[in-house]
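Tertiary structure, described
Residues per chain, in single letters:
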Amino acid sequence: MQVFKTALRVVLTHPVYVVVYVGFLSLLGLFVAMGVAPDTEEGSYEAAREPFAVVDRDGSALSEHLAAFLGEHGERIEVADDAFAMQDAVAKGQVKCVLVVPEGYERAFLDAARSGEDVPAVEVAYSYGTMAGTLLDQQANQYLGLVRAEAALEPDASAADVLARADDAAAQTADVETVRTQGGAIPADRFAFYLMWCSYTLMAAIIVCVSLLMGAFNRTDVLRRTQVGPVGSVRLGLWKAAASLLVTMAVCAVTCGIGLAAFGYTLEGVPAEAVALMLAAAFALALVPLAVGFLLGQLGVGEATTNAVGNIGGMVMAFMGGAWISLDLLGAEIQTAAKFFPTYWYTQAVTESAHLAEVTWESAAPILGNLGIIVLFAAAIFAVALAAGRVRMRSAEAGGNAAASLTGA
């Protein structure tokens, strides 16, 4: 029991790692996950009505119809036909766009449209603070394009007939219907993405904490004292393993707890069994950095190397799991290579669990298979760690058989 307490004390003497790797990275994951916007089943879209001004120097039917068309998309503001007044309105943001229709514009426009020449342009000034003025200009050009087309198709039609047909064409709208795709985002995807992003948190925090714990007992002087002490090697190893497992469970619980506190409301409608599968996936993934930290401790690596492995390894693992960018956007080579990382199967398990409408054996079997693959990754790394520790124990640095042979020489 004393070994267990000492192991935990080693971790607690490095609180900066716990605060940074567990607390800060988990909170960072919250801010990233908040950007996941689920698809909405219902809702309406209402375009913003921006203020504009039309300075009509032509006084023609075309300029009146153009102003009326823009009035359907914005709010017309009266501005005096004065250079300073127009500049002041745009500079102060009173209007987003000022259109000046020059004198004789209607006659020149219709003549150019019927003869196939370039039509004259309307003078436009935009507000500097938004792109709304550009949109209004495009809408004005859209209406003028309809007038030009009608004038070219009906050369003998009067200006009133051309404008009437253009108004009818501009009034035509397409029916819009929102279709919710089967693979669309749902509210639970926020918590799922948080867990995906926290693969980096789990990797970095657990690797650093566990390797520090193991490294403290695997120093040469400490190892020699424990080998001659009253506690057997098996019992000593079990206490260290228990302490490492407790640290892993604590990190996993804090990370998942922060996510549940922030995004628990998004899990409404998700079966409790599906949520349990998501949390089980997080714990299964936590076994991988536990094994990696155990391996680093067995090798006796330094604190700087431990931090480097935790951070760089965690970033690579998270990237290969699709936390930084969706794997669907990457090449086939990267998608194939990702399957050799446990985070790929972790991502599959979390996303599939979030989209379960009902948990049955048939629906849960693929997810449990993914969890099994993650555990196999951890078991393989743990086996390597045991072998590495056995070799190091017999080395000269550890005072094993190799040291005895050196002494005899």
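All residue numbers here refer to positions counted from 1 along the written sequence of the relevant chain. A pLDDT threshold of at least 70 governs which residues receive local features in this predicted model, and a stricter bar of 80 or more applies before side-chain atom pairs are shown or counted, although totals over entire chains, interfaces and linings include all residues. With hydrogens and water stripped out, all remaining heavy atoms of the structure feed into the side-chain values.

Here we look at the packing of helix H3 (residues 61-71) against helix H6 (residues 132-153)
When two helices pack together, their arrangement is captured by the angle between the axes and the distance separating the axes. Lines fitted to C-alpha atoms define the axes, with helix axes restricted to the stretch in contact, and inter-axis angles between N-to-C directions lie between 0 and 180 degrees. Helical segments are the DSSP runs of H or I of at least four residues, strand segments are the runs of E of at least two, and each set is numbered from the N terminus. One way to put it is that H3 packs onto H6 with a least axis distance of 10 Å and a crossing angle of 130°. On the basis of the axis angle, H3 is oblique to H6. As H3 packs across H6, the resulting crossing turns out to be right-handed. Mapping the contact onto sequence places Leu62, His65, Leu66, Phe69 and Leu70 in H3 and Leu136, Gln139, Ala140, Gln142, Tyr143, Leu144 and Val147 in H6. In this count, Pro and Cys sit with the nonpolar residues alongside Ala, Val, Leu, Ile, Met, Phe, Trp and Tyr, while Asp, Glu, Lys and Arg are called charged and the others, Gly among them, polar. Taken together, the residues of the contact of H3 with H6 sort by class into 9 nonpolar, 3 polar and no charged. Roughly parallel covers angles under 35 degrees, roughly antiparallel covers those over 145, roughly perpendicular covers 65 to 115, and oblique covers all other angles. Less than a right angle of anticlockwise turn of the near helix away from the far helix marks a crossing as left-handed, whereas a clockwise turn marks it as right-handed. The contact criterion used throughout is that any non-hydrogen atoms of two residues lie within 4.5 Å.

Quick look at the pairing of strand E3 (residues 97-101)
The rule is simple: take the accessible area with a 1.4 Å probe, protein chains only, and divide by the maximum for that residue type; under 20% is buried, over 50% is exposed, in between is partly exposed. Among the 5 residues of E3, 5 are classified as buried, and the element is accordingly described as predominantly covered. Both faces of E3 are covered, namely the face carrying Cys97, Leu99 and Val101 and the face carrying Val98 and Val100. At least two bridges found by DSSP between two strands is the condition for calling them paired. In terms of strand pairing, strand E1 (residues 50-56) meets E3 through 5 bridges, oriented parallel. Across the sheet, the residue bridging to Val55 is Val100, located in E3. Sheet analysis places E3 next to strand E4 (residues 123-126), joined by 4 bridges and oriented antiparallel. Paired with Cys97 across the strands is Tyr126, a residue of E4.

Some points on the packing of aromatic side chains
The aromatic pairing rule takes the rings of Phe, Tyr and Trp, using the six-membered ring of Trp, and pairs them if the centres are within 6.5 Å, calling planes under 30 degrees apart stacked, those over 60 edge-to-face and the rest tilted. Under the criterion given, the structure shown has 7 aromatic pairs. Here the aromatic rings of Tyr105 and Phe109 are separated by 5.7 Å at their centres, their planes lie at 40°, and the arrangement is tilted. With Tyr105 and Phe109 both in helix H5 (residues 105-115), this residue pair falls 4 residues apart, about one helical turn. Phe109 sits in the buried class, given a relative accessible area of 1%. Taken together, a centroid distance of 5.0 Å and an interplanar angle of 90° make the contact between Tyr344 and Trp345 edge-to-face. Taking the relative accessible area as the measure of exposure, Tyr344 reaches 15% and is therefore buried.

A closer look at the UniProt feature "transmembrane region" (unreviewed entry) in the chain
Per the UniProt record, "transmembrane region" (unreviewed entry) is annotated on residues 12-37, 191-217, 238-263, 275-296, 308-327 and 367-388. In this annotation, residues 308-327 is assigned 65% helix and 0% strand; the end-to-end C-alpha distance for the span is 25 Å. In the segment residues 367-388, helix accounts for 100% and strand for 0%; the C-alpha atoms at its two ends are 32 Å apart. UniProt positions are given in the numbering used here, feature names are shortened, and annotations may be inferred rather than shown by experiment.

Considering helix H13 (residues 303-320)
For a helix, the expected span equals 1.5 Å multiplied by the residue count minus one. Helix length check: H13, at 18 residues, gives a terminal C-alpha distance of 25 Å against a target of 26 Å (1.5 Å per residue), a fit within 8%. Among all positions of H13, only Thr306, Asn307, Gly310, Gly314, Met317, Ala318 and Met320 are buried. Of the residues one or two after H13, Gly322 is the one with positive phi, at around 90°.

Description of the sheet that holds E1
One open sheet holds the 4 strands; their spatial order is E2-E1-E3-E4, and the pairing between them is mixed. This sheet does not close on itself; its edge strands, each paired only once, are strand E2 (74-76) and E4. Across this sheet, the average inter-strand angle for adjacent strands is 25°, counted without regard to direction. Packed on one face of the sheet, helix H4 (residues 83-91) meets E1, E3 and E4 and runs near 155° to E3.

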